[in-house]
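# Structural characterization, general
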Amino acid sequence: MEVKNNILTEESFIELYSSVGWEPPCREQIHIALRNSLATFTALENGKAVGMVRLIGDGGMSFYIKDFAVHPDYQAKGAGKMLLNALEQFIRDSIEPGWAVSLELISTKEALPFYRKMGFEERPCEWDGPGMMKMLR
């Protein structure tokens, strides 16, 4: 298995998004989202996309993990860890020495153990308020 940057296609996005039970947005939204991402990361097994994650943010202080999906057949087999490690390395390579930046996400309940294992803290935490979101339609 390998991870490649910035090769995620609309078709692979739809396949992976759907594979985990999410209803994918329309192609135009996906096209715009991919075009405006800081980076995308795709896990490949024998040339087939088996996992993906997008990185969005300002490139200086805040980064956000979006659309992190691993096909159920490849979950708990290292694909997610490889994707997250590639994403974190991309950030480290992109920022200036000595900078501290935030890497944030909203987790599904099922993915909490994975993110805890990868060093993420749950929100709310002792020193800050809860992560929040609002969907607009």
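See the structure shown above.
This one's a predicted model, so the numbers in the text were calculated from it and none came from an experiment.

### Let's talk about the environment of proline 130
Residue position: proline 130 is located in the segment after helix H4 (112–117). For proline 130, a relative accessible area of 46% puts it in the partly exposed group. Discounting chain neighbours no more than four positions away, the residues touching proline 130 are Arg123 and Pro124.

### Observations regarding the nonpolar core
Ranked by size, the top nonpolar core spans 20 residues in total, and within it Phe41, Val53, Ile65, Phe68, Leu83, Leu84 and Leu87 carry the most contacts. Leaving out residues up to four positions away in the same chain, leucine 83 has contacts with Val3, Phe41, Thr42, Ala43, Gly51, Met52, Val53, Phe68 and Val70. Grouped together as the second largest cluster of nonpolar side chains are ten residues, Tyr17, Ile30, Leu34 and Met52 included.

### Brief notes about the side chain of arginine 54
Turning to its location among the elements, arginine 54 is positioned in strand E3 (residues 48–57). On the basis of relative accessibility, which here comes to 8%, the residue arginine 54 falls in the buried class. Residues in contact with arginine 54, not counting those within four places in the same chain, are Phe13, Ala33, Leu34, Ser37, Ala39, Thr40, Tyr64, Ile65, Lys66, Asp67 and Leu87.

### Describing the layout of surface pockets
Reported here for the largest pocket is a volume of approximately 1400 Å³. Residue lining of the largest pocket: 42 residues in total, with Trp22, Asp67, Phe68, Ile106 and Thr108 positioned closest to the centre. Elements with a contribution of two residues or more to the lining of the largest pocket: helix H1 (10–19), helix H2 (27–36), E3, strand E4 (62–70), helix H3 (79–94) and H4. In terms of residue count, E4 provides more of the lining of the largest pocket than any other element does, seven residues in total. In terms of residue class, the lining of the largest pocket is made up of 25 nonpolar, eight polar and nine charged. Lining the second largest pocket are 25 residues; nearest its centre among them are Glu104, Leu105, Phe120, Glu121 and Arg123. Within the residue set of the lining of the second largest pocket, elements represented by two or more residues are strand E5 (102–104) and H4.

### A short note on the pairing of strand E2 (residues 39–45)
Burial analysis of E2 places six of its seven residues in the buried class, the great majority of the element. Where strand E1 (residues 2–5) and E2 come together, four bridges link them in antiparallel fashion. Across the sheet, residue asparagine 5 finds its bridge partner in E2, namely phenylalanine 41. Both E2 and E3 contribute to a ladder of seven bridges, which runs antiparallel. Bridging across to E3, alanine 39 finds its partner in leucine 55. Joining the antiparallel neighbours E2 and E3 is a turn of two residues, in which asparagine 46 adopts a positive phi near 50°.

### Section: the pattern of salt bridges
In the structure shown here, the tally under the stated rule is six salt bridges. Here glutamate 88 ties to arginine 92 by a salt bridge, and the two come within 3.8 Å at their closest N and O atoms. Placement of both glutamate 88 and arginine 92 in helix H3 is noted, with a separation of four residues, approximately one turn of the helix. Relative accessible area serves as the criterion here: at 52%, arginine 92 is assigned to the exposed category. Across the pair aspartate 128 and arginine 123 runs a salt bridge, and its minimum N-O distance is 3.2 Å. Judged by relative accessible area, which is 35%, aspartate 128 ranks as partly exposed. One network of salt bridges, with partners in common, ties together Glu10, Glu11 and Arg27.

Cut-offs used in this document
- Residues numbered from 1 in each chain as written.
- Predicted model: local features only at pLDDT ≥ 70, side-chain atom pairs only at ≥ 80, totals over all residues.
- Heavy atoms only, no water.
- Helix = DSSP H or I, 4+ residues; strand = E, 2+ residues; numbered from the N terminus.
- Buried < 20%, exposed > 50% of the residue type's maximum accessible area, 1.4 Å probe, protein only.
- Contact = heavy atoms within 4.5 Å.
- Core = buried A, V, L, I, M, F, W, Y, C linked by side-chain atoms within 4.5 Å.
- 1 Å grid on protein atoms, 1.4 Å probe; cavity = no way out; pocket = protein on both sides within 12 Å on 5 of 7 lines; lining within 4 Å.
- Points joined across faces, edges and corners; volume = space filled by probe spheres on them.
- Nonpolar A, V, L, I, M, F, W, Y, C, P; charged D, E, K, R; others polar.
- Pairing = 2+ DSSP bridges.
- Salt bridge = Lys/Arg side-chain N within 4 Å of Asp/Glu carboxyl O.

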